[in-house]
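Chain residues, written in single-letter form:
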Amino acid sequence: MKYTTLGSSGLSVSEVCLGTMTWGIQNTQQDTDGQMALALSRGVNFIDTAEMYPIPPNEPTSGDTERQMGDWLSRNQSQREELIIMTKIAGSGISWIRNGDIINAENIGIAIEGSLKRLQTSYIDVYQLHWPNRTSPHFGKHWPGKVDPTTIDKEKETEGMRNILSGLKTAIDAGKIRHWGLSDDTPWGIHTFLRLCDEMGIPKPVSIQNEFSLLHGKDLPYLIEMCHLEDIAYLPWSPLATGMLAGKYLDDARPKGSRWTYVQRQGLFRDKQPAHDATRRYVEIASRAGITPSQLALAWCQQVPGVTATIIGATTEAQLAENIDAFNLTLDSAVLRQIEDVYRAYPVPF
């Protein structure tokens with residue numbers, strides 16, 4: 001396992017970050033224990049979760065992912081200091097989490113207490129804002145006409161961000177969180193937070209996690225360049241495009257228990273013909289290279305300059321082992337050229 005520094009935090013993290021959003025719906029506590037054992041045995045020390053998990057979100061299971069992580073931690077307290085654990089505060093729109101309210105200083109305090117209790121830990125290594133209060137071009141809203149920046153009240157948003165930072169500083173000063181980060185944000189969001197941090201004397205964000213994959217490369221190169229030059233770790237989530245790049249949904253297949261067999265909060269917006277066409281070609285490239293389609297997609301993602309660590313998830317230990325193995329691979333120039341040809345033909349397939 002290779003390790004890298006998480007932005008300006010000084011924390012050493014594995015290039016593999018274990019995503020946990022299936023824990024609580026697709027994965028039981030026994031599954032969680034097995035995945036943790038496997039990940040740690042392979043050198044993974046970086047874990048990502050969120051208060052709204054598992055996915056797809058629903059009220060009866062809300063918070064269960066953190067609870068399963070907390071159950072494991074309660075039985076493995078000696079390993080807590082070896083782990084870098086990230087979690088996230090949910091933004092507006094989920095009625096059963098603080099009545100769907102926005103992220104603000106008051107809600108940050110409430111949310112952190114809830115996460116600490118569920119995780120059964122006294123501190124969170126990196127506390128992330130799951131999505132901005134304003135509408136941003138994420139979760140399928142990157143197409144023209146989906147987001148109108150002219151409707152955003154810049155001064156209102158900026159004041160809200162000042163309020164958020166005051167809540168984060170309170171938590172940092174209390175030792176409840178060590179660092180903070182962003183998720184599903186944009187260059188303007190990063191820039192504004194950096195400016196406000198400097199203005200208010202508050203530690204800057206150490207990381208951002210955005211959706212990024214062979215089927216969703218919109219952050220390349222502009223946002224990733226900004227992250228690298230500002231020493232903010234860039235952490236791709238859904239590097240397999242919710243499993244599409246594994247090839248398992250080709251020809252309208254829906255393997256039993258797979259994510260696409262569950263009702264999705266925002267629908268299957270990635271289920272577009274160009275995305276399937278691109279995937280089929282990536283599957284062929286992987287076959288010729290003698291690796292699995294998932295390994296091709298993950299190895300490509302991690303080799304992108306500016307990517308710090310890649311967030312992977314799995315529903316079985318076999319899948320997890322396969323995915324971790326991808327980070328030992330080096331794609332040769334011939335394979336990279338083949339990938340580039342497909343990427344050029346399908347730059348925004350969903």
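In the block above lies the structure referred to throughout.
Predicted model, so just to flag it, every value in this text is computed and none were measured.

Peer 1: What exactly am I supposed to notice about the environment of T121 here?
Peer 2: With respect to the helices, strands and loops of the structure, T121 is situated in the loop between α3 (105-119) and β6 (124-129). Taking the C-alpha atoms as reference points, T121 and Q77, 44 residues apart in sequence, are found 8.8 Å from one another. What T121 contacts, discounting residues up to four positions off in sequence, is L73, R80 and L116. Reaching out from T121, the side chain makes a polar contact with the side chain of R80 at a distance of 2.9 Å.

Peer 1: What am I meant to see in unusual backbone geometry here?
Peer 2: Negative phi values dominate among residues other than glycine, just as trans dominates among peptide bonds. A cis amide bond links Y53 to the next residue, P54, at an omega of 15 degrees. Structurally, P54 is set in the loop between β4 (46-48) and α2 (64-75). Put simply, I55 and P56 share a cis peptide bond, and its omega is 0 degrees. Mapped onto the secondary structure, P56 falls in the loop between β4 and α2. The phi angle at D252 is positive, at roughly 60 degrees, despite the residue not being glycine. As for its position among the elements, D252 is in the loop between β9 (233-237) and α7 (273-289).

Peer 1: When you look at the nonpolar core in this model, what are you seeing that I'm missing?
Peer 2: Note on soluble globular proteins: their nonpolar side chains tend to be buried together. Within the largest apolar cluster, 82 residues are counted, with the highest numbers of intra-cluster contacts made by M69 and Y282. When near neighbours in sequence (up to four residues on either side) are disregarded, Y282 contacts L214, L215, L245, L296, I339, V342 and Y343. Grouped together as the second largest cluster of nonpolar side chains are 14 residues, I84, M86, A233 and I311 included.

Peer 1: I keep staring at the packing of α2 against α3 and nothing clicks. Help me out?
Peer 2: Think of two packed helices as two axes; the pair is described by the angle between the axes and how far apart they sit. Between α2 and α3, the least distance of the axes is 6 Å, while the angle of their chain directions is 50 degrees. It follows from the interaxial angle that α2 and α3 lie oblique. Residue-level contacts link E66, R67, M69, G70 and L73 of α2 to S115, R118 and L119 of α3. Its residues assigned to classes, the contact of α2 with α3 comprises 3 nonpolar, 2 polar and 3 charged.

Peer 1: Please explain the pattern of salt bridges as it appears in this structure.
Peer 2: Oppositely charged side chains can form a pair if their charged atoms are brought close together. Per the counting criterion, the structure on display carries 20 salt bridges. A salt bridge links E113 to K176; its shortest N-O distance comes to 2.3 Å. Here the residue E113 occupies a position in helix α3, and K176 occupies one in the loop between α4 (154-173) and β7 (177-183), the gap between them amounting to 63 residues. Residue classification places E113 among the partly exposed positions, given a relative accessible area of 39%.

Peer 1: Looking at this structure, I do not really get the sheet that holds β7. What am I missing?
Peer 2: Across a sheet, strands are paired by hydrogen bonds formed along the backbone, either parallel or antiparallel in direction. Read across the open sheet, the 8 strands follow the order β9-β8-β7-β6-β5-β4-β3-β10; overall the sheet is parallel. With partners counted over all chains shown, the strands left at the sheet margins are β9 and β10 (310-312), one partner each. Each strand axis lies, on average, 30 degrees off the axis of its neighbour in the sheet, ignoring direction. Bridge count between β6 and β7: 5 bridges; the pairing is parallel. When the bridges of β7 are listed, Q128 appears paired with G181. Together, β6, β7 and β8 (207-211) form the strand contacts of helix α5 (residues 187-200), whose direction differs from that of β7 by roughly 150 degrees.

Peer 1: Just to check I follow, could you spell out the packing of aromatic side chains for this structure?
Peer 2: Both the distance between ring centres and the angle between the ring planes are used here to describe each pair of aromatic rings. Under the definition given, this model contains 8 aromatic pairs. Here W180 and F193 contribute two aromatic rings whose centre-to-centre distance is 5.3 Å and whose plane-to-plane angle is 70 degrees, an arrangement assigned as edge-to-face. Taken together, the positions of W180 in strand β7 and F193 in helix α5 put the pair 13 residues apart, joining distant regions of the chain. A cation sits over an aromatic face here: R80 above Y123, 4.0 Å from the ring centre.

Peer 1: What am I meant to see in α2 here?
Peer 2: Since one α-helical turn is 3.6 residues long, residues separated by three or four positions face the same way. Here α2 spans 17 Å end to end across 12 residues, near enough to the 16 Å set by a 1.5 Å rise per residue. Every buried residue of α2 is accounted for by T65, E66, Q68, M69, G70, W72 and L73. Structurally, α2 contributes buried residues whose contacts are with α1 (29-41), β4, β5 (84-89) and α3.

Peer 1: In this structure, what is going on with helix α8 (residues 293-303)? I would like to understand it.
Peer 2: Among the 11 residues that make up α8, 9 are buried, leaving the element largely enclosed by the rest of the structure. Those residues of α8 that sit buried are S294, Q295, L296, A297, L298, A299, W300, C301 and Q302. Looking at the buried side of α8, the elements it contacts are β9, α7, β10, α9 (317-325) and α10 (333-345).

Peer 1: Help me understand the packing of α8 against α9, please; the structure alone is not making it clear to me.
Peer 2: Where α8 contacts α9, the two axes come as close as 8 Å, and the packing angle between them is 45 degrees. Taken together, the axes of α8 and α9 are oblique relative to one another. Of the two possible hands of crossing, α8 and α9 adopt the one that is right-handed. Residues S294, Q295 and L298 of α8 pack against E322, N323 and D325 of α9. Across the contact of α8 with α9, the residue classes tally to 1 nonpolar, 3 polar and 2 charged.

What counts, and where the lines are drawn
- Residues numbered from 1 in each chain as written.
- Predicted model: local features only at pLDDT ≥ 70, side-chain atom pairs only at ≥ 80, totals over all residues.
- Heavy atoms only, no water.
- Helix = DSSP H or I, 4+ residues; strand = E, 2+ residues; numbered from the N terminus.
- Contact = heavy atoms within 4.5 Å.
- Polar contact = N/O pair within 3.5 Å; in protein donor to acceptor, adjacent residues only side chain to side chain.
- Core = buried A, V, L, I, M, F, W, Y, C linked by side-chain atoms within 4.5 Å.
- Buried < 20%, exposed > 50% of the residue type's maximum accessible area, 1.4 Å probe, protein only.
- Axes fitted to C-alpha atoms, helices over the stretch in contact; angles between N-to-C directions.
- Parallel < 35°, antiparallel > 145°, perpendicular 65-115°, else oblique.
- Nonpolar A, V, L, I, M, F, W, Y, C, P; charged D, E, K, R; others polar.
- Salt bridge = Lys/Arg side-chain N within 4 Å of Asp/Glu carboxyl O.
- Pairing = 2+ DSSP bridges.
- Phe/Tyr/Trp six-rings, centres within 6.5 Å; stacked < 30°, edge-to-face > 60°.
- Lys NZ or Arg CZ within 6 Å of the ring centre and 35° of its normal.
- Expected span 1.5 Å × (residues − 1).
- Left-handed = near helix turned anticlockwise from the far one by under 90°.

All we've got here are geometric facts, nothing functional implied.
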